[in-house]
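Structural features, examined
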Amino acid sequence: MTAATAVPSAPVVARRRGLPPALASALPPLVLVVVALLLWELAVRALEIPAFLLPAPSAIGAEFARLTPQIVEASVATGTNALLGLVISAVVAVLLAIAASGARVVDGMLAPVVVALAVVPIAAVAPVFYIMFGSSSETGRVIVVAIAVFVPVFVNALRGLRQVSPVHRELLRALNITGWRAVRTVTVPTALPFVFTGLRQASSLAVISALVSEYFGGPKTGIGSQITTAASGSNYAQAWAFVLGAIVTGLAFYLVTLALERVVSRHRPSP
Amino acid sequence: MTIIIDTPERLDTTTDAVSVDGVTRIFSARKRGAADVVALSDVSLTVHAGEFVSLIGPSGCGKSTLLRQIADLDQPDAGSVSVFGKTARRARLDQDYGIAFQQAGLLPWRTVSQNIALPLQMHRERGLDVAARVRELIELVGLGDFADRYPDQLSGGMQQRVAIARSLARNPKLLLMDEPFGALDEMTRERMQSELLRICGETGAAVVFVTHSIPEAVFLSHRVVVMSPRPGRVKEVVVMERAGAPVGSDAVRDDAAFFRGVTAVREALHDGAAAGQGVENR
């Protein structure tokens, strides 16, 4: 509560002191985090909370520092699965969206499939893929990511592909630009900001799916496997250190796609 | 009723730029019970090569619809349209006209020069230096310093100039313009009108120009086609007098001939009985 009440006044103070705007906007959440961490640390010590319930942030930090190479390695393993699934699925989703926007038949065929994919319980299919591809293979995890990522990218891309304004449609006709050339010069560029909005939603989803799929078996390479291993070995601070690694990985995915979205949407109306 | 128009002082032996013959366009009602809308009823019109013709009339009189028939963006239910002696469709496929709309319709992800280059890139001409032609067009519309800007960095008037430069890219002998200055403020609008006349003088293109504005039509045109709504038809064609001042100069706007033209078009629009000098009645 103390942390929350401190937040509203912070920007005013920052502005009055003439801080640069980037710092002024970053300061309030930073203050919140620091205050929350302090309270957490104090609570753990004062109330003598056992580590299996909640380790102190200092303990987690120490573990994070000690295990940094392992955490990075595990993050790269999980991140690779997430990235592969994201890229493969996004390419397929965009191509299918182009087909669906071009032909009503394709749209009609794909619509129910997309609904079906949207409700696939990722947790339930992961074990099935480990049986299909073998427990030493990462393929199942990539597929899990691909399934999770497909729907937001496809739905946003299709919406974007239908945003071509009437005046641009007339222009295409007047200039006799048809078929693939019309798609390339007008339709796809119009849709790009929407595609990136979909990708931004999909990016965090990709990391989460890659991580969750590791809970159900397969090779013990990724950050999800490390969390379960640490937790089952009663190394609670270590488990939390890996959780921290997972958060950083997810954040990295999100920020990279956000940056791409900004670049692409610079000179066009964003969705 | 069919109206055949001929202007004696502009008899041109070359093929007419546009010939509209008895065109009717009916938009069928979507809802059951609603009446069909007759957008154009038996409209005929000839635009000679190099001639500037404005279409004017109240909203819903079919002036934009008529322009769209010429551009082959829409097809008539009866009658025929020919552009330089070809069908409207053939003329569109051959890129015989340039077109500008009320909205500039620029591609926001392309710079000014990339937007102007669009028609040139889509239909490559052998031996044409695209970059040089684009520079020439940018100079023509007075945007020399803005070649690398994006449309969202330009004012409305500048965007419209880019759109006009794009319509001129392939040096068409016919320009179709659907209220291109409709969204601009009065001062920008008058400057753009003068520039358009200068450009037309340089390129010798015929123009079909849709507008709501009587002074705009009078200032720009050789002939003003006055249309009436429901059903859309040509009510009267008013031939403009040559003003004493040089064509396209601002002095024209103060000329007595200009005011006589404005009066004549206004009376034609409002069913006026008195027709001034230089007015062609049905």
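Given the structure is predicted, the values throughout are model-derived calculations rather than measurements. (Residues numbered from 1 in each chain as written. Chains lettered and ligands numbered in written order. Predicted model: local features only at pLDDT ≥ 70, side-chain atom pairs only at ≥ 80, totals over all residues. Heavy atoms only, no water.)

1. Examining helix α8 (residues 139–161) of chain A
Residue and element names in this part refer to chain A. For clarity, the cut-off: Where helices and strands are cited, they refer to DSSP runs of H or I of at least four residues and of E of at least two residues respectively, numbered from the N terminus. The span expected for a helix works out to 1.5 Å for each residue beyond the first. Think of it this way: the bend at a residue is just the angle between two axes, each fitted to seven residues, one set ending at that residue and the other starting at it. Only protein chains enter the area calculation, which uses a 1.4 Å probe; residues under 20% of their type maximum are buried, those over 50% are exposed, and those in between are partly exposed.
For α8, with 23 residues, the first-to-last C-alpha span of 31 Å sits near the 33 Å given by 1.5 Å per residue. Taking the largest bend as the criterion, α8 deviates by roughly 35 degrees, centred on Phe 150, and proline Pro 152 comes between one and four positions later. Most of α8 sits out of view: 19 of its 23 residues are buried.

2. Focus: the UniProt feature "domain: ABC transmembrane type-1" (unreviewed entry) in chain A
Convention followed: UniProt positions are given in the numbering used here, feature names are shortened, and annotations may be inferred rather than shown by experiment.
When the UniProt feature table is mapped onto this chain, "domain: ABC transmembrane type-1" (unreviewed entry) is found at residues 75–264 of chain A. Taken end to end, residues 75–264 of chain A is 85% helix and 0% strand, and its first and last C-alpha atoms sit 28 Å apart.

3. Description of helix α9 (residues 166–174) of chain A
Quick reminder of the rule: The arc refers to the directions leading from the helix axis to the C-beta atoms. Contact between two residues is taken to exist if any of their heavy atoms lie within 4.5 Å; hydrogens are not considered.
Looking at α9 of chain A, one finds that the buried residues are Val 167, His 168, Leu 171, Leu 172 and Ala 174 of chain A. Viewed end-on, α9 of chain A has its buried residues packed into an arc of 165 degrees, placing them on one side of the element. On its buried face, α9 of chain A is in contact with α10 (179–213) of chain A together with α2 (88–93), β6 (97–100), α3 (112–122) and α5 (156–168) of chain B. Phi turns positive one or two residues past the end of α9 of chain A, at Asn 176 of chain A, with a value near 55 degrees.

4. Focus on the UniProt feature "transmembrane region" (unreviewed entry) in chain A
Residue and element names in this part refer to chain A. The UniProt record marks residues 21–40, 82–103, 110–133, 139–161, 182–199 and 239–260 with the feature "transmembrane region" (unreviewed entry), using the residue numbering of this structure. Structurally, residues 21–40 comprises 100% helix and 0% strand, and the distance from its first C-alpha atom to its last is 29 Å. This span, residues 82–103, is 95% helix and 0% strand, and a straight line between its end C-alpha atoms measures 31 Å.

5. Examining the domain arrangement of chain A
So the rule is basically this: Note: domain ranges come from an automatic or database domain assignment.
Taken domain by domain, chain A comprises domain 1 (2–47) and domain 2 (57–265). A C-alpha centroid distance of 32 Å is found between domain 1 of chain A and domain 2 of chain A.

6. Overview of the packing of helix α5 (residues 68–102) of chain A against α10 of chain A
Residue and element names in this part refer to chain A. Test applied: Here, axes are lines fitted to C-alpha atoms. For helices the fit covers the stretch in contact, and angles between N-to-C directions go from 0 to 180 degrees. The handedness criterion is simple: a crossing whose near helix is rotated anticlockwise from the far helix by less than a right angle is left-handed, and one whose near helix is rotated clockwise is right-handed. Any residue that is not Ala, Val, Leu, Ile, Met, Phe, Trp, Tyr, Cys, Pro, Asp, Glu, Lys or Arg is counted as polar, Gly included; the first ten are nonpolar and the last four charged.
Orientation of α5 relative to α10, taken along the N-to-C sense of each, is 150 degrees, at an axis distance of 9 Å. The crossing of α5 and α10 is right-handed. Of the residues in α10, those touching α5 at Thr 78, Asn 81, Ala 82, Leu 86, Ala 90, Val 94 and Ile 98 are Trp 180, Val 183, Val 188, Val 195, Leu 199, Ala 202, Ser 203, Ala 206, Val 207, Ala 210 and Leu 211. Here the contact of α5 with α10 is composed, by residue class, of 15 nonpolar, three polar and no charged.

7. Some details on the interface of chain B and chain A
For the record, the criterion: When two parts are put together, the accessible area they lose, computed with a 1.4 Å probe and summed over both, is reported as buried area. In the sections that follow, a salt bridge refers to a side-chain nitrogen of Lys or Arg positioned within 4 Å of a carboxyl oxygen of Asp or Glu. Side-chain atoms alone can form a polar contact between residues adjacent in sequence; in general such a contact is a pair of N or O atoms within 3.5 Å, and within protein one must be able to donate a hydrogen while the other accepts it.
At the interface, 25 residues of chain B touch 18 residues of chain A. For the pair chain B and chain A, the two sides together bury roughly 2,100 Å², of which 61% comes from carbon and sulfur. Remark: the boundary between chain B and chain A carries two salt bridges. Arg 68 of chain B is the salt-bridge partner of Glu 170 of chain A, the closest N and O atoms lying 2.4 Å from each other. Here chain B is connected to chain A by nine residue pairs in polar contact (both at pLDDT 80 or more). Only α2, β6 and α3 of chain B provide two or more residues apiece to the side of chain B that touches chain A. Per-element accounting of the side of chain B that touches chain A gives the leading share, three residues, to α3 of chain B.

8. Topic: the environment of Asn 171 of chain B
Counting through the fold element by element, Asn 171 of chain B comes out in the loop between α5 and β7 (174–178). Ignoring sequence-local partners within four residues, the contact set of Asn 171 of chain B consists of Arg 133 and Thr 203 of chain B.

9. Some thoughts on unusual backbone geometry
The residue after Arg 230 of chain B, namely Pro 231 of chain B, is reached through a cis peptide bond having omega -10 degrees. Looking at the secondary structure, you find Pro 231 of chain B in the loop between β9 (223–228) and β10 (233–239). Positive phi is not limited to glycine here, since Ser 234 of chain A has a value of about 65 degrees. Note that Ser 234 of chain A resides in the loop between α11 (223–232) and α12 (236–264). The class for Ser 234 of chain A is partly exposed, based on a relative accessible area of 45%. One non-glycine residue, Asp 72 of chain B, lies in positive phi territory at about 60 degrees. In this structure, Asp 72 of chain B sits in the loop between α1 (63–70) and β4 (78–83). For Asp 72 of chain B, a relative accessible area of 5% puts it in the buried group.

10. Some details on the domain arrangement of chain B
Residues and elements named next belong to chain B. Once the domains are mapped, chain B shows domain 1 (2–97 + 172–269) and domain 2 (106–171). When each unit is reduced to the centre of its C-alpha atoms, the spacing between domain 1 and domain 2 is 25 Å. Listed as interface residues are 17 residues of domain 1 and, on the opposing side, 12 residues of domain 2. Across the domain 1/domain 2 interface, buried area totals approximately 1,300 Å², and carbon plus sulfur atoms make up 63% of it. Looking only at domain 1, the three residues that lose the most surface to domain 2 are Gln 95, Pro 172 and Ile 199, adding up to 35% of its buried area. Joining domain 1 to domain 2, the criterion identifies one salt bridge. Between Glu 195 and Arg 161 there is a salt bridge whose closest N-O contact spans 4.0 Å. There are two residue pairs in polar contact (both at pLDDT 80 or more) connecting domain 1 and domain 2. Contributing elements (two or more residues each) for the side of domain 1 that touches domain 2: β7 and α6 (186–203). Among the elements that line the side of domain 1 that touches domain 2, the one with the most residues is α6, at eight residues.

11. Notes on the packing of α11 of chain A against α12 of chain A
Helix-helix packing is described using two parameters, namely the angle between the two axes and the distance between the axes. All names here are of chain A. To keep it simple, the criterion reads: Working rule for angles: under 35 degrees goes down as roughly parallel, over 145 as roughly antiparallel, 65 to 115 as roughly perpendicular, anything else as oblique.
The interhelical angle for the contact between α11 and α12, taken along N-to-C directions, is 165 degrees, at an axis separation of 8 Å. As the angle between them shows, α11 and α12 are arranged roughly antiparallel. Between α11 and α12 lies a crossing of left-handed hand. Seen from α11, the contacting residues are Ile 223, Gln 226, Ile 227, Ala 230 and Ala 231; seen from α12, they are Tyr 236, Gln 238, Ala 239, Phe 242, Val 243, Gly 245 and Ala 246. Residue composition of the contact of α11 with α12, by class: nine nonpolar, three polar and no charged.

12. Here's the deal with the pattern of salt bridges
Following the criterion strictly, the structure yields 18 salt bridges over all chains and no others. The residue Asp 72 of chain B makes a salt bridge to Arg 173 of chain A at a minimum N-O spacing of 3.5 Å. Placement of Asp 72 of chain B in the loop between α1 and β4 and of Arg 173 of chain A in helix α9 is noted, with the two residues assigned to different chains. When salt bridges that share partners are traced, they join Lys 86, Arg 90, Asp 94 and Asp 96 of chain B into one network.

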